[in-house]
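# Residue-level structural notes
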Amino acid sequence: MNNIVAIVGRPNVGKSTLFNRLIQRREAIVDSVSGVTRDRNYGKSEWNGKEFSVIDTGGYIRGSDDVFEGEIRKQVELAIDEADVIIFVVDVEEGITPMDETVAKLLRKVTKPVLLAVNKVDNAMREKDAVEFYNLGLGDYFTFASISGSGTGDLLDALIESFPVKPEPVQEEVVLPRFAVVGRPNAGKSSFINALIGQDRFMVTDIAGTTRDAIDTKFDRFGFEFNLVDTAGIRRKAKVKEDLEFYSVMRSVRAIEHADICILVIDATRGFEGQDQSIFWLAEKNRKGVVILVNKWDLVEKDTMSTRDYEEKIKKELMPFTDVPILFVSALTKQRLLKALEATVQVFENRKQRIPTSKFNEFMLKVIEAYPPPATKGKYVKIKYCMQLPTLTPQFVFFANMPQYVKEPYKRYLENKIRENWDFAGVPIDIYIREK
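Below you will find a few notes about this structure. (Residues numbered from 1 in each chain as written. Predicted model: local features only at pLDDT ≥ 70, side-chain atom pairs only at ≥ 80, totals over all residues. Heavy atoms only, no water.)

### Re the pairing of strand 11 (residues 289-295)
Most of strand 11 sits inside the fold, with 7 of its 7 residues counted as buried. Of the two faces of strand 11, the one lined by Gly289, Val291, Leu293 and Asn295 and the one lined by Val290, Ile292 and Val294 are each fully buried. The pairing of strand 10 (residues 261-267) with strand 11 spans 7 bridges and is parallel. Paired with Ile261 across the bridge in strand 11 is Gly289. The parallel pair strand 10 and strand 11 is bridged by helix 8 (residues 274-285), and the resulting crossover is right-handed. Where strand 11 meets strand 12 (residues 326-328), 3 bridges bridge the pair, whose relative direction is parallel. In the sheet register, Val294 faces strand 12, and the bridge partner there is Phe328. (Buried < 20%, exposed > 50% of the residue type's maximum accessible area, 1.4 Å probe, protein only. Helix = DSSP H or I, 4+ residues; strand = E, 2+ residues; numbered from the N terminus. Pairing = 2+ DSSP bridges. Right-handed = clockwise from strand over helix to strand, strands pointing away.)

So, in structure tokens, the structure goes:
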């Protein structure tokens, strides 16, 4: 299971620029106006062969007139609470500010590794100026410039070394599939599990965030056997007022990484909201199987087109990964719950599916011959052989004479043809083009 790294600090010190550099995409909004990052950004990063999740928090503020001050502060505290390693970013241009001292005081109480990162150090003079940050009482610091990237290598080396050593999971005689029930607060995740197992295993109320811990439940009914994980999981922490939206995603990060299939429960009365999309893409980035359950369907006024229209709206938000089972259920009336189970188990089987190389070549080479990769600069790409890789998730490699000329649209074409001929519904597929 991957480690989680939280980037914290006061506003406008370059946290989002560092975040963008780590995930190698310009995903977080960056602006010279302080306090631009109010929501959190989540991404995957890798250094020296080790993957980890990165969280970009809002700037830590106290005593300002900013109406978002309280929410940002809670988010930072919660990120610190859930992360494995914390990167505390400060600005060499402004030196130590009262707000830096406040954050440092908070971090000195933390038992987890804290890396003090001094940003905007791009010359020898600023290197000397950075010495004052020893006064924060957090030990050694790392100097870097997030815009140019200088110094980030040393910071990342130290980050990797700071990750806690996690024990290898004890292998059970029979390893059951893990199905994580994820979603935004109050979507009906616990009610869904209670309805499945036929008892009130989890406390259910109308208050968002009632579930305080992620709990595993062995499910053995109707001919199915697997572990269900209720990941609503808002844990009550001392001196931390819960930000429900934030914590639901924080808990989902860990649950998703440790699951085989994610059952994403959404509230039919609210629609497929931004928080639902964030959790969906977390599962997709981690290459997990996904089933979407539109819960509370009994509360929605329907006509003959409702189901289809609703499904089309969701798939529009999921593009280009639209081959995902979407079921309309009600945990209260137990409507279509058995179908939801069947769909989830089918996605698990799809994820394990292995296609014999001979059959795969027989079908795909005909597809490629009918529509070969477009010529680039007068050069024609020829694909003569392909196969499925022996990996935990479906990955396919196509061997070509000039793989650099095969672009993303053609990879999507190949993926679509694979999905048309074999059932990979709910499962992300990776396509690789290699030189033969």
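### A word on the sheet that holds strand 13 (residues 383-388)
A sheet is described by the order of its strands in space; here 3 strands give the open sequence 13-14-15, paired in mixed fashion. Edge strands, defined here as strands with exactly one partner in the open sheet, are strand 13 and strand 15 (430-435). The mean inter-strand angle of the sheet, taken between neighbouring strand axes irrespective of direction, is 20°. Where strand 14 (residues 395-400) meets strand 15, 6 bridges bridge the pair, whose relative direction is parallel. Bridge pairing links Phe398 to Ile433 in strand 15. Sheet contacts for helix 11 (residues 357-370): strand 13 and strand 14; angle to strand 13, the most-contacted strand, approximately 140°. Lying on the sheet, helix 12 (residues 408-421) is in contact with strand 13, strand 14 and strand 15; it crosses strand 15 at an angle near 120°. (Axes fitted to C-alpha atoms, helices over the stretch in contact; angles between N-to-C directions. Contact = heavy atoms within 4.5 Å.)

### Here we look at the pattern of salt bridges
Under the definition given, this model contains 14 salt bridges. Here Asp260 and Arg351 are joined by a salt bridge, their closest N and O atoms 3.6 Å apart. One end of the pair, Asp260, is in the loop between helix 7 (244-257) and strand 10; the other, Arg351, is in helix 10 (residues 337-352), with 91 residues separating them in the sequence. By relative accessible area, which is 22% here, Asp260 ends up partly exposed. Judged by relative accessible area, Arg351 falls into the buried class, the value being 9%. Between Glu284 and Arg287 there is a salt bridge, and its shortest N-O distance comes to 2.8 Å. Here the two residues Glu284 and Arg287 agree in accessibility, since each one is buried. Look at the salt bridges and you will find they share partners, linking Glu93, Asp122 and Arg126 into a network. (Salt bridge = Lys/Arg side-chain N within 4 Å of Asp/Glu carboxyl O.)

### Some details on the packing of helix 11 against helix 12
It is the contact of helix 11 with helix 12, at a shortest axis distance of 11 Å, that shows an interaxial angle of 135°. Here helix 12 runs oblique to helix 11, going by the angle between their axes. Where helix 11 crosses over helix 12, the two elements pack in a sense that is right-handed. On helix 12, the residues that touch Phe360, Phe363, Met364, Val367 and Ile368 of helix 11 are Tyr410, Tyr413, Leu414, Lys417, Ile418 and Asn421. (Parallel < 35°, antiparallel > 145°, perpendicular 65-115°, else oblique. Left-handed = near helix turned anticlockwise from the far one by under 90°.)

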